[in-house]
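Below are the chains, spelled out letter by letter.
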Amino acid sequence: MGKEKEEDRFEKTYLQGKVNIIEIWVDKQTGVQYLFRYSGSAGGLTPLLDADGKPQIDPNYRKTL
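The sections below set out a description of the structure shown in this document. Owing to the predicted nature of the structure, the values given are computational and were not obtained by experimental measurement.

### Regarding the side chain of E23
Following the sequence through the fold, E23 ends up in strand β2 (residues 20-27). Relative accessible area serves as the criterion here: at 5%, E23 is assigned to the buried category. Reaching out from E23, the side chain makes a polar contact with the side chain of W25 at a distance of 2.7 Å. Those residues in contact with E23 that lie beyond four places of it in its chain are K12, Y14, L15, Y34, L35, F36 and Y38.

The following block contains the structure:
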């Protein structure tokens, strides 16, 4: 009220399935990708990891130094 709506921090970038759903979400502040899977009333969220075990960063959100 009186403030502009803040931009959403997370963006869904991938969707697979109709009953057993898999989604990939990206944190727009850090670029970290998360896997969200759900089926019925059960679900879970975890960061995607690269081959070295570090959080996978979406190249579209990679900050330049």
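Structure's up, so let's keep going.
### A word on the packing of aromatic side chains
Applying the stated criterion to the full structure yields two aromatic pairs. An angle of 70° between the planes, with centres 6.3 Å apart, marks the rings of F10 and Y34 as edge-to-face. Within this pair, whereas F10 is found in strand β1 (residues 10-16), its partner Y34 is found in strand β3 (residues 33-39), the two being separated by 24 residues in sequence. Relative to Y38, the ring of F36 lies with its centre 5.1 Å away and its plane at 40°, an arrangement referred to as tilted.

About the thresholds
Residues numbered from 1 in each chain as written. Predicted model: local features only at pLDDT ≥ 70, side-chain atom pairs only at ≥ 80, totals over all residues. Heavy atoms only, no water. Helix = DSSP H or I, 4+ residues; strand = E, 2+ residues; numbered from the N terminus. Buried < 20%, exposed > 50% of the residue type's maximum accessible area, 1.4 Å probe, protein only. Polar contact = N/O pair within 3.5 Å; in protein donor to acceptor, adjacent residues only side chain to side chain. Contact = heavy atoms within 4.5 Å. Phe/Tyr/Trp six-rings, centres within 6.5 Å; stacked < 30°, edge-to-face > 60°.

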